[in-house]
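# An overview of the molecular structure
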Amino acid sequence: ILILNKCAHTGTENKTEKLFVSCFKKIVENISNGSKINEIVNQSMEAAVKLVNSDRSLLFSYNSSKKEMEVIASTGVNTSTLKKNLTISSEKGVVGKTFNTGKTFNIPDVYDNENFDSCFDLLTKYKTRSLISVPVYNCRRKVIGVAQFMNKKDGKPFSNSDISNVDSFMTF
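This write-up is about the structure you can find in this document. Numbers given to residues run from 1 along each chain, matching the order in which its sequence is written. With pLDDT at 70 or above as the cut-off, local features in this predicted model cover only qualifying residues; side-chain atom pairs require 80 or more to be listed or tallied, and sums for whole chains, interfaces and linings still use all residues. Hydrogens are left out, water is left out, and the side-chain values use all remaining heavy atoms of the structure.

## Side note on the overall build of the chain
Stated precisely, the cut-off is as follows: Each helix is a run of H or I in the DSSP string that is no shorter than four residues. Each strand is a run of E no shorter than two, and both are numbered from the N terminus. Burial status follows relative accessibility: with a 1.4 Å probe on protein chains alone, a residue under 20% of its type maximum counts as buried, one over 50% as exposed, and anything between as partly exposed. The criterion used for residue contact is that any of the two residues' heavy atoms lie within 4.5 Å.
Per the secondary structure count, the chain includes six helices and six strands. Taken from the N to the C terminus, the helices and strands of the chain come in the order α-α-α-β-β-β-α-β-α-β-β-α. The burial tally for the chain puts 42% of its 172 residues in the buried class. Taking all contacts inside the chain whose residues are at least 6 apart in sequence as the whole, residues at least 24 apart take part in 53%.

Structural data, given as structure tokens:
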């Protein structure tokens, strides 16, 4: 909303701001039209992927009965080829750290990070290099999941601006 206001007052928008506003408007329109929550969640993830120019994303939801994080949405992952749903203990990896602390992590080289768990890389035959991991909140500001964005397509590290853009789409 801050970006929307800034653009309205100055009359200037850069490419990222235009994309942000466009994605945000589409999501608001779908909410207004009564779209199902899973459609809005998927659209939010796709918008965030475009904004940060990432190669892949995973959205984890907390399953309290199993104490696991389950992948409920993804981009750049062919989940149909997997034999089971992607899950990880809520105490494990960067996803667990993000979920339990409610903090955002921007990791330029995941293999230098003690919390990184390569299980999804092994399962999906993918090489994560850099990662943004952000908590996902419900309307009461309770952490209900984690969104992760992997590898900027241009090979550069994720920026603070990328984190800001992703945060804007991660409250449901």
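Anyway, onward from the coordinates.
## Considerations on the sheet that holds strand β3 (residues 87-89)
Spelled out, the test is: One requirement defines pairing of two strands: DSSP has to find at least two bridges between them. The axes used here are C-alpha line fits, helices contributing only the stretch in contact, and every angle between their N-to-C directions lies in the interval 0 to 180 degrees.
Pairing is antiparallel across the open sheet formed by six strands, whose spatial order is β3-β2-β1-β6-β5-β4. Looking along the sheet, the strands with just one partner apiece sit at the ends: β3 and β4 (105-107). Each strand of the sheet is rotated relative to its neighbour by a mean of 25°, with strand direction disregarded. Judged from the seven bridges that link them, strand β1 (residues 54-63) and strand β2 (residues 68-75) form a sheet pairing that is antiparallel. The residue of β2 that forms the bridge with Leu58 is Ser74.

## Quick look at helix α4 (residues 93-101)
Taken as a whole, α4 has its buried residues at Gly93, Val94, Val95, Gly96, Thr98 and Phe99. Of the surrounding secondary structure, the elements contacted by the buried residues of α4 are β1, β2, β3, β4, β5 (131-137) and β6 (143-152). Remark: Gly102 follows α4 within two positions and exhibits a positive phi of approximately 70°.

## Remarks on the pairing of β6
The side chains of a regular strand alternate, residue by residue, between the two faces of the sheet. With respect to burial, β6 is a largely interior element, nine of its ten residues being buried. Pairing between β1 and β6: seven bridges, direction antiparallel. Bridge assignment links Arg56 to a residue of β6, and that residue is Met150. Relative to β6, β5 runs antiparallel, the two being bridged by seven bridges.

Bear in mind that shape data such as this cannot, by itself, settle questions of function.
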